[in-house]
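# Notes for the structure review
Below, each chain spelled out in residue letters.
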Amino acid sequence: MTSVAFSPDGKLLISGSSDKSIKVMNFKTRQEIHCFKDAQIGRFYSNNLFSITLHLDEIFSVHVRFDNKLVVSGSVDRCIKIFDLLAKKEVYHFKQVHEDSITQVLWSPDGRFIFSASTDRSIKIFEFESKQEIHHFQFIHNGTFISKLHLIRKDSITCIAIS
């Protein structure tokens with residue numbers, strides 16, 4: 001297990017793993033509700049089932065949106081994926097958005113934006129509705145990568161804290 005996040009309502013525990021899966025657990029009962037992982041789907045191509053690939057490498061970060069409906073994940077594969085917890089499916093895939101591994105992903109407090117940090121020493125901000133990158137902070141630190149982001153909400157301003 002490489003990343004753990006609680007849903008804002010405290011009912012779910014979400015984990016990302018080096019086996020490229022995301023597990024959703026009921027925190028109170030400790031029961032697994034769902035596991036997002038490579039899966040077979042019911043469409044055939046040349047008599048074989050298609051396979052959906054979750055991530056191609058370890059998942060370093062997971063975070064649950066304020067409404068408890070969506071999970072965002074970031075991986076060594078440089079991709080960000082968004083999953084619907086109710087429908088139990090992937091709803092969007094930001095493909096290879098960084099030059100190196102993604103170390104942290106976070107939803108903004110209002111759920112409109114996704115923040116990502118990477119070992120390429122950059123931070124990117126994506127607007128969820130438009131699916132567009134809206135800002136790119138490059139080479140934030142010299143010689144070291146960004147391991148954690150913290151969003152701090154003070155009044156109506158959200159600040160990014162880096163460690």
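See above for the structure.
Residues numbered from 1 in each chain as written. Predicted model: local features only at pLDDT ≥ 70, side-chain atom pairs only at ≥ 80, totals over all residues. Heavy atoms only, no water.

## A look at the overall build of the protein chain
A count of helical and extended segments in the protein chain gives zero helices and 16 strands. Taken across its 163 residues, the protein chain has 38% of its residues classed as buried. Long-range contacts, defined here as pairs at least 24 residues apart, represent 34% of the contacts in the protein chain between residues at least 6 apart. Carbon together with sulfur atoms contributes 51% to the accessible area of the protein chain, which is approximately 9,300 Å² in total. (Helix = DSSP H or I, 4+ residues; strand = E, 2+ residues; numbered from the N terminus. Buried < 20%, exposed > 50% of the residue type's maximum accessible area, 1.4 Å probe, protein only. Contact = heavy atoms within 4.5 Å. Areas by Shrake-Rupley, 256 points an atom, 1.4 Å probe, with all protein chains shown as cover.)

## Remarks on the pairing of strand S9 (residues 80–84)
Counting buried positions along S9 yields five of five residues, so the element is predominantly enclosed. In S9, alternate side chains face the same way, and those of Ile-80, Ile-82 and Asp-84 on one face and Lys-81 and Phe-83 on the other are all buried. Taken together, the five bridges between strand S8 (residues 70–75) and S9 define a ladder with antiparallel strand orientation. Bridged to Gly-74 within S9 is Ile-80. (Pairing = 2+ DSSP bridges.)

## Here we look at the pattern of salt bridges
For the coordinates displayed, the defined rule picks out five salt bridges. Lys-81 is the partner of Glu-90 in a salt bridge, and the nearest nitrogen-oxygen pair spans 3.3 Å. When its relative accessible area of 29% is taken as the criterion, Glu-90 is described as partly exposed. Residue Lys-81 is classed as buried on the basis of its relative accessible area, which comes to 4%. Between Asp-110 and Arg-112 there is a salt bridge, with the nearest N and O atoms lying 3.7 Å from each other. (Salt bridge = Lys/Arg side-chain N within 4 Å of Asp/Glu carboxyl O.)

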